[in-house]
Amino acid sequence: MEVTTDKLNKHDRYVEELCDLIEGDYDHISKNVLLHSNDRRRRVIGEIDVIAVKDHKYDVYEVKCSPRFVKTRKQIQRIRKHVPVNKAFFYCGMSGVIVEI
């Protein structure tokens, strides 16, 4: 399904750009996946920008408009507590660079 980028904010455009770059490498890609706690309240504890699945292994991508490695690293650590992550990546939309964390 083609998404029009006219109405997307800058971050969401970068998410779409990343998905276009990696779509051939994975069996399934999901965007903006909410992480919920395991308690009764099921509160939202975070969001994964992109989670990609290949051979039942999960790779996660954190997308930032500018290079913000410290915040990205903290978010990835939080995600790893709740999701069996195979590899984690940072995608800087400004430079178009993908870095494994």
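Look a little higher up for the structure.
All values derive from a computational prediction rather than experimental measurement.

1. Side note on the packing of aromatic side chains
With the rule as written, the count across this model stands at 3 aromatic pairs. Measuring from centroid to centroid gives 6.2 Å for Y26 and Y61, while their planes differ by 90°, and the two rings are edge-to-face. With a gap of 35 residues between them, Y26 in the loop between α1 (10-22) and β1 (28-36) and Y61 in strand β3 (residues 57-64) connect regions that are remote in the sequence. In this structure, Y26 and Y61 share a single accessibility class: buried.

2. Section: helix α2 (residues 69-80)
An ideal rise of 1.5 Å per residue puts 16 Å on 12 residues; α2 measures up with 16 Å between its terminal C-alpha atoms. Looking only at α2, the buried set comprises T72, Q75, I76 and I79. Mapping the buried residues of α2 onto a view down its axis gives an arc of 100°, with all of them on the same face. Away from the buried face of α2 by more than 90 degrees, exposed residues V70 and K74 are located. On its buried face, α2 is in contact with β1, β2 (44-54), β3 and β4 (85-92).

3. Focus: the pattern of salt bridges
Enumeration according to the criterion identifies 2 salt bridges in this entry. Residue E16 pairs with K31 through a salt bridge whose shortest N-O separation is 2.9 Å. Within this pair, whereas E16 is found in helix α1, its partner K31 is found in strand β1, the two being separated by 15 residues in sequence. Overall, K31 belongs to the partly exposed group, its relative accessible area being 33%. Here K64 ties to E62 by a salt bridge, and the two come within 3.2 Å at their closest N and O atoms. Taking the relative accessible area as the measure of exposure, K64 reaches 9% and is therefore buried.

4. Overview of the environment of H28
When you line up the elements, H28 lands in strand β1. Taking the relative accessible area as the measure of exposure, H28 reaches 46% and is therefore partly exposed. Residues contacting H28, with those up to four places away along its chain left out, are I51, A52 and V53. Of the polar contacts made by the side chain of H28, one reaches the side chain of S30; its length is 2.9 Å.

5. Here's the deal with the sheet that holds β2
A sheet is described by the order of its strands in space; here 5 strands give the open sequence β1-β2-β3-β4-β5, paired in mixed fashion. Single-partner strands in this sheet number two, and they are β1 and β5 (97-100). Between one strand and the next, the sheet's axes are offset by a mean angle of 35°, whatever the strand orientation. Bridging between β2 and β3 involves 5 bridges; their strand directions are antiparallel. Bridging across to β3, K54 finds its partner in K57. This element, α1, spans β1, β2, β3, β4 and β5 of the sheet and lies at about 25° to β2. Sheet strands in contact with α2 are β1, β2, β3 and β4, and its direction is about 150° off that of β3.

Rules behind the numbers
- Residues numbered from 1 in each chain as written.
- Predicted model: local features only at pLDDT ≥ 70, side-chain atom pairs only at ≥ 80, totals over all residues.
- Heavy atoms only, no water.
- Phe/Tyr/Trp six-rings, centres within 6.5 Å; stacked < 30°, edge-to-face > 60°.
- Helix = DSSP H or I, 4+ residues; strand = E, 2+ residues; numbered from the N terminus.
- Buried < 20%, exposed > 50% of the residue type's maximum accessible area, 1.4 Å probe, protein only.
- Expected span 1.5 Å × (residues − 1).
- Arc of directions from axis to C-beta.
- Contact = heavy atoms within 4.5 Å.
- Salt bridge = Lys/Arg side-chain N within 4 Å of Asp/Glu carboxyl O.
- Polar contact = N/O pair within 3.5 Å; in protein donor to acceptor, adjacent residues only side chain to side chain.
- Pairing = 2+ DSSP bridges.
- Axes fitted to C-alpha atoms, helices over the stretch in contact; angles between N-to-C directions.

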